[in-house]
Amino acid sequence: MNINERILNFIDILGDLDDISKKLYLESPETWIDFSDKVSEQNIDEMVLFYASKYNYVSVLKFVNENKIINLDGPSRNKQFSSIRNHLIAVSKDYNSIDTYNYLIGNYEHESTSKMEKDTLEEKQNINSYTPVFLCPHCNSNVFENGYKVFEEISYNFSKEKNKSQEISRQRDSRVFCCNCNYNIDNVSVDLLENLCSIHNCKKCGKDLTEIGIDEKIKMKFNDKDKKFTSSVKTYNCPSCQEELTEYQAKYFNLI
Ligand SMILES: [Zn+2]
Ligand SMILES: [Zn+2]
């Protein structure tokens, strides 16, 4: 049964809340404390919904909405917005969270989204259609299509209070494996693969081109007739590793 077919219980969204919590911990440990307290008290408020929208976890929105825990059309604590829904729509748009955005506007079709908002989202969806490429050195499959995997080591011990085993630590292994052939791809990290997913980043070294800039290169060819170098081909390259931008990136940055 999928998420659209039934009303969710708190226990159903715990896994997603846990995922949000992990992301938030890396982003802002202080906010994370606040967030974790709310989750442990089962107190889902606008702040929790903010992060659910930011990280695109539609289950959490669906849970509060369908169990009538929060009226999404009620006033937002952020006075810039006329309702919680509008606040979350803005957050979803800012962070390109397509699922939460669609959920929030899908239940609200009578209040039409302005054309500009729709255009912006369509633009973002187009950007999403960009598929990065990283070829497995062993089987040559694109790991962004066929998948890559990492392992997590979870340690447990026995809790006398709870009378059952409990998780005491969790550590992610830094190795990356190709899902297609199980090869251990040793020249790549999860961080680099994540960086490659953004069209802003160099597809070889993963650096953010909007931060480090782009080199424009003109290849000069020697012309035998008049004994002069003349320019022939112009390319755009990453200033850090000299990798040429893809055609898709060059178009995205309005270079061609
Ligand atoms: Zn492979
Ligand atoms: Zn580069």
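The model shown is predicted, which means the values in this text are computed figures rather than measured ones. (Residues numbered from 1 in each chain as written. Chains lettered and ligands numbered in written order. Predicted model: local features only at pLDDT ≥ 70, side-chain atom pairs only at ≥ 80, totals over all residues. Heavy atoms only, no water.)

**Considering the coordination of the zinc ion (ligand 2)**
Definition in use: Metal sites are built from N, O and S donor atoms within 2.8 Å, or 3.2 Å for Na, K and Ca, and they leave out water, so they may look incomplete. Exposure is judged per residue with a 1.4 Å probe applied to protein chains only, and the accessible area is read against the type maximum: over 50% gives exposed, under 20% gives buried, and values in between give partly exposed.
Around the zinc ion (ligand 2), the donor atoms from the protein are Cys202 (SG), Cys205 (SG), Cys238 (SG) and Cys241 (SG), and they sit 2.3 to 2.4 Å away. In the primary sequence, the donor residues of the zinc ion (ligand 2) line up as C-x2-C-x32-C-x2-C. For Cys205, a relative accessible area of 24% puts it in the partly exposed group.

**Focus on the packing of helix H5 (residues 84-94) against helix H6 (residues 98-106)**
The condition is simple: Here an angle of 0 to 180 degrees is reported between the N-to-C directions of two axes, which are lines fitted to C-alpha atoms, with helices fitted over the stretch in contact. Runs of E in the DSSP output that reach at least two residues are strands. Runs of H or I that reach at least four are helices, and both are numbered from the N terminus. Oblique is the label for any angle not covered by the other classes, which are roughly parallel (under 35 degrees), roughly antiparallel (over 145) and roughly perpendicular (65 to 115). For any pair of crossing helices, the crossing counts as left-handed if the nearer helix is rotated counterclockwise from the farther one by less than a right angle, and right-handed if it is rotated clockwise. The contact criterion used throughout is that any non-hydrogen atoms of two residues lie within 4.5 Å. In the scheme used here, Gly and all other residues not listed as nonpolar or charged are polar, with Ala, Val, Leu, Ile, Met, Phe, Trp, Tyr, Cys and Pro taken as nonpolar and Asp, Glu, Lys and Arg as charged.
At a minimum axis distance of 8 Å, the contact between H5 and H6 shows a crossing angle of 150 degrees. Considering their axes alone, H5 and H6 lie roughly antiparallel with respect to each other. Judged by the twist between their axes, the crossing of H5 over H6 is left-handed. Across the interface between the two elements, Arg85, Leu88, Ile89, Ser92 and Lys93 from H5 touch Thr100, Tyr101, Leu104 and Ile105 from H6. Taken together, the residues of the contact of H5 with H6 sort by class into five nonpolar, two polar and two charged.

**Quick look at the pattern of salt bridges**
Note that side chains of opposite charge can pair when their charged atoms are close. To keep it simple, the criterion reads: A pairing counts as a salt bridge when a side-chain nitrogen of Lys or Arg comes within 4 Å of a carboxyl oxygen of Asp or Glu.
Counted according to the given criterion, the structure contains 13 salt bridges. Of the charged contacts in the structure, one is a salt bridge between Glu66 and Lys62, with a shortest N-O distance of 3.2 Å. With a gap of four residues between them, Glu66 and Lys62 both fall in helix H4 (residues 58-66), about one helical turn apart. Exposure remark for Glu66: the relative accessible area of 30% places this residue in the partly exposed category.

**Structural notes on the coordination of the zinc ion (ligand 1)**
Ligation of the zinc ion (ligand 1) by protein atoms is provided by Cys136 (SG), Cys139 (SG), Cys178 (SG) and Cys181 (SG), these donors lying 2.3 to 2.4 Å from the ion. Ordering the donors of the zinc ion (ligand 1) by residue number gives the pattern C-x2-C-x38-C-x2-C. Of this pair, Cys139 sits in the loop between helix H7 (115-128) and helix H8 (143-146) while Cys178 sits in strand S4 (residues 176-178), placing them 39 residues apart in sequence. Overall, Cys139 belongs to the partly exposed group, its relative accessible area being 27%.

**Description of the packing of aromatic side chains**
In plain terms, the rule: Aromatic pairs are defined between Phe, Tyr and Trp rings, using the six-membered ring for Trp, whenever the two ring centres lie within 6.5 Å; interplanar angles under 30 degrees are classed as stacked, those over 60 as edge-to-face, and all others as tilted.
Going through the model one piece at a time under the given rule, you end up with nine aromatic pairs. Where Phe10 meets Phe63, the ring centres are 5.8 Å apart and the plane angle is 65 degrees; that geometry is what we call edge-to-face. Placement of Phe10 in helix H1 (residues 10-27) and of Phe63 in helix H4 is noted, with a sequence separation of 53 residues between them. Across this residue pair, the class does not change: Phe10 and Phe63 are buried. A ring pair is formed by Phe35 and Tyr51, whose centres lie 6.2 Å apart and whose planes are at 90 degrees; its orientation type is edge-to-face. Placement of Phe35 in helix H2 (residues 29-40) and of Tyr51 in helix H3 (residues 46-54) is noted, with a sequence separation of 16 residues between them. Side by side, Phe35 and Tyr51 carry an identical accessibility label, which is buried. Aromatic ring contacts, followed pair by pair, group Phe35, Phe50, Tyr51 and Tyr55 into a single cluster.

**Remarks on the pairing of strand S2 (residues 152-159)**
Two faces make up the sheet, and in a regular strand the side chains alternate between them. Defined as follows: Note on pairing: DSSP must find at least two bridges between two strands before they are called paired.
In this sheet, strand S3 (residues 164-172) lies alongside S2 in antiparallel orientation, the contact comprising eight bridges. Bridge assignment links Asn157 to a residue of S3, and that residue is Gln166. Linkage of S2 to S3, two consecutive antiparallel strands, is achieved through a turn of four residues, within which Asn163 is found at a positive phi near 60 degrees.

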